[in-house]
Amino acid sequence: RCAPQELRSGCFWRGVLAEAVGTLIFVGVVLGASAGPSPLAPALAGGLVAGGLVCTLGGPQANPALTLALLCTRKLGTLRGALAVLAQCTGALLAAAAARAALPDGTSLVTRVSVGTVGTALAWETFATFQLALAAFATAERMTPQAGLALGSAVAAGALAAVRTLPQCPPTTVVLTPSAPELSAPQGPFSGGSMNPARALGPAIVTGVWDHHWVSWGTPGSPQRPQGGGG
């Protein structure tokens with residue numbers, strides 16, 4: 001379909017709007033969950049909200065990595081893909097601005113690389129994003145509760161795989177906290193488990209923290225359609 005016809009289509013603009021709203025909701029929920037003490041909360045919240053979006057908004061990608069994967073495999077038009085990525089980044093920016101205004105000072109909004117090297121973080125982020133893209137392609141034509149469960153599980157699994165919790169320490173061991181960066185040791189998340197460049201971009205713009213931000217944009221997965229799958 002040519003560009004002028006697409007731009008006159010109400011379905012086209014509803015799809016773009018769904019990307020903005022879906023990303024706004026997804027990033028807002030994940031950032032809200034990040035205010036809790038457990039590093040597992042954002043992963044579980046992300047999985048639940050991703051599954052819910054499939055059932056309520058018809059399965060928007062809400063993720064530039066997935067949109068770019070669809071573009072690379074020619075399953076999405078260039079114009080639709082470009083506007084979808086713009087809508088996703090806009091939704092993420094609005095969610096990050098709202099989260100920064102509403103959450104307590106000191107709440108971490110930005111995904112960080114804090115264990116091992118940047119190469120290790122890139123490897124974990126690539127693996128997590130790939131398995132998410134694989135699930136998205138396999139369920140692309142099955143917008144059912146089962147598809148929501150599959151995508152939600154992939155989001156949660158990828159985020160949990162990139163999280164490394166603090167070990168149990170003896171009473172005499174110094175506990176490392178963000179308030180004492182000079183005591184920091186290689187503990188915490190491997191890559192933050194973003195799997196979503198928009199989720200990383202919104203908080204980065206709002207906070208001005210761009211450390212290793214490229215890791216989140218360097219891992220768009222693009223698996224081919226699984227044999228026998230619905231994607």
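Each chain has its residues counted from 1, running along the sequence as written. This being a predicted model, a pLDDT of at least 70 is required before a residue's local features are given, and a value of 80 or more before pairs of side-chain atoms are given or counted; all residues contribute to the totals for chains, interfaces and linings. Side-chain measures here rest on the full set of heavy atoms in the structure, leaving out hydrogens and waters.

**Concerning the overall build of the protein**
Then comes step 1: For the purposes of this entry, the term helix denotes a DSSP run of H or I that reaches at least four residues, the term strand denotes a run of E that reaches at least two, and both are numbered from the N terminus. Check the secondary structure of the protein and you find 9 helices and 0 strands.
Then comes step 2: Only protein chains enter the accessibility calculation, which uses a 1.4 Å probe. A residue is then buried if its area is under 20% of the maximum for its type, exposed if over 50%, and partly exposed in between. Out of the 231 residues belonging to the protein, those deemed buried represent 43%.
Then comes step 3: Any pair of residues with heavy atoms lying within 4.5 Å of one another is described as a contacting pair. Contacts spanning at least 24 positions in sequence make up 78% of the contacts within the protein whose residues lie at least 6 apart.
Then comes step 4: Taken as a whole, the protein presents about 11,600 Å² of accessible surface, with 65% of it coming from carbon and sulfur. For accessible areas, the Shrake-Rupley method is used with a probe of radius 1.4 Å. Any residue's cover is judged against the shown protein chains and nothing else.

**Observations regarding a nonpolar patch on the surface**
Then comes step 1: The residues that make up patches have over 30% relative accessible area and no salt bridge, and they are joined within 9 Å when like-charged or within 5 Å when they are Val, Leu, Ile, Met, Phe, Trp or Tyr. Each reported salt bridge corresponds to a side-chain nitrogen of Lys or Arg within 4 Å of a carboxyl oxygen of Asp or Glu. Taken together, the side chains of Leu-17, Val-21, Leu-24, Ile-25, Val-29, Leu-57 and Leu-94 present a nonpolar region at the surface, about 530 Å² in accessible area.
Then comes step 2: In terms of residue count, the dominant contributor to the nonpolar patch is helix α2 (residues 10-33) (5 residues).
Then comes step 3: Within the secondary structure, Leu-17 is located in helix α2.
Then comes step 4: For Leu-17, a relative accessible area of 53% gives the class exposed.

**Observations concerning the UniProt feature "transmembrane region" (unreviewed entry) in the protein**
Then comes step 1: Here the UniProt-annotated "transmembrane region" (unreviewed entry) positions come out as residues 12-34, 40-60, 81-101 and 121-140.
Then comes step 2: Counted over residues 40-60, helix gives 76% and strand 0%. Its end C-alpha atoms are 24 Å apart.
Then comes step 3: Taken end to end, residues 81-101 is 100% helix and 0% strand, and its first and last C-alpha atoms sit 30 Å apart. UniProt positions are given in the numbering used here, feature names are shortened, and annotations may be inferred rather than shown by experiment.

**Thoughts on the packing of helix α5 (residues 78-102) against helix α8 (residues 197-207)**
Then comes step 1: To get an axis, fit a line to the C-alpha atoms, keeping to the stretch in contact for a helix; angles then go from 0 to 180 degrees between the N-to-C directions. Packing of α5 against α8 brings their axes to within 8 Å, and their N-to-C directions diverge by 50 degrees. Between α5 and α8, the angle is such that the two are oblique. The crossing of α5 and α8 is right-handed. Of the residues in α8, those touching α5 at Gln-88, Cys-89, Ala-92, Leu-93, Ala-96, Ala-97 and Arg-100 are Ala-198, Arg-199, Leu-201, Gly-202, Pro-203, Ile-205, Val-206 and Thr-207.
Then comes step 2: Of the residues that constitute the contact of α5 with α8, the class distribution is 10 nonpolar, 3 polar and 2 charged. Roughly parallel covers angles under 35 degrees, roughly antiparallel covers those over 145, roughly perpendicular covers 65 to 115, and oblique covers all other angles. In this scheme the crossing of two helices becomes right-handed for a clockwise turn of the near helix relative to the far one and left-handed for an anticlockwise turn of less than a right angle. Under this grouping Gly is polar, as are all residues other than the nonpolar Ala, Val, Leu, Ile, Met, Phe, Trp, Tyr, Cys and Pro and the charged Asp, Glu, Lys and Arg.

**Details of the packing of aromatic side chains**
Then comes step 1: Ring pairs shown here join Phe, Tyr and Trp side chains whose ring centres sit within 6.5 Å, with only the six-membered ring taken for Trp; geometry is labelled stacked below 30 degrees between planes, edge-to-face above 60, and tilted in between. All told, the structure shown has 1 aromatic pair when counted by the stated rule.
Then comes step 2: Ring geometry for Phe-12 against Trp-13: centres 5.3 Å apart, planes inclined by 90 degrees, an arrangement best described as edge-to-face.
Then comes step 3: On the accessibility criterion, Phe-12 (4% relative accessible area) is buried.
Then comes step 4: Among the residues examined, Trp-13 registers a relative accessible area of 40% and is labelled partly exposed.

**What to know about the nonpolar core**
Then comes step 1: One finds Phe-26, Val-27, Leu-31, Leu-132, Val-155 and Met-195 to be the most contacted residues of the largest nonpolar core, which totals 29 residues.
Then comes step 2: Sorting the residues of this core by element identifies α2, α3 (41-56), α5, α6 (118-138), α7 (145-161) and α8 as the ones contributing at least two each. Buried residues of nine kinds, namely Ala, Val, Leu, Ile, Met, Phe, Trp, Tyr and Cys, make up a nonpolar core once their side-chain atoms join them within 4.5 Å.

**Points about the confidence of the model for the protein**
For residues with low pLDDT, the predicted coordinates do not support detailed interpretation.
Then comes step 1: Each residue carries a pLDDT score, the predictor's confidence in it, ranging from 0 to 100. Taken as a whole, the protein shows an average pLDDT of 76; of its residues, 73% reach a score of 70 or greater.
Then comes step 2: Scored below 50 in pLDDT, residues 165-188 shows 19 contacts in the model against residues more than four places distant or in partner chains.

**Observations regarding unusual backbone geometry**
Then comes step 1: Phi at Ala-62 is positive, roughly 50 degrees, even though this residue is not glycine.
Then comes step 2: Its location among the elements puts Ala-62 in the loop between α3 and α4 (64-72).
Then comes step 3: Among the residues examined, Ala-62 registers a relative accessible area of 6% and is labelled buried.
Then comes step 4: Phi is positive for Arg-74, which is not a glycine, with a value near 60 degrees.
Then comes step 5: Along the polypeptide, Arg-74 turns up in the loop between α4 and α5.

**Some details on α4**
In an α-helix, one turn spans 3.6 residues; hence positions three or four apart end up facing the same way.
Then comes step 1: The complete set of buried residues in α4 reads Pro-64, Ala-65, Leu-66, Thr-67, Ala-69 and Leu-70.
Then comes step 2: Pairing of N or O atoms within 3.5 Å defines a polar contact, subject to two protein rules: one partner must be a possible hydrogen donor and the other a possible acceptor, and residues neighboring in sequence count only if both atoms are side-chain atoms. The opening residue of α4, the one whose side-chain oxygen lies 2.9 Å from the backbone nitrogen of Ala-65, is Asn-63.
Then comes step 3: Arg-74 lies just past α4 and shows a positive phi near 60 degrees.

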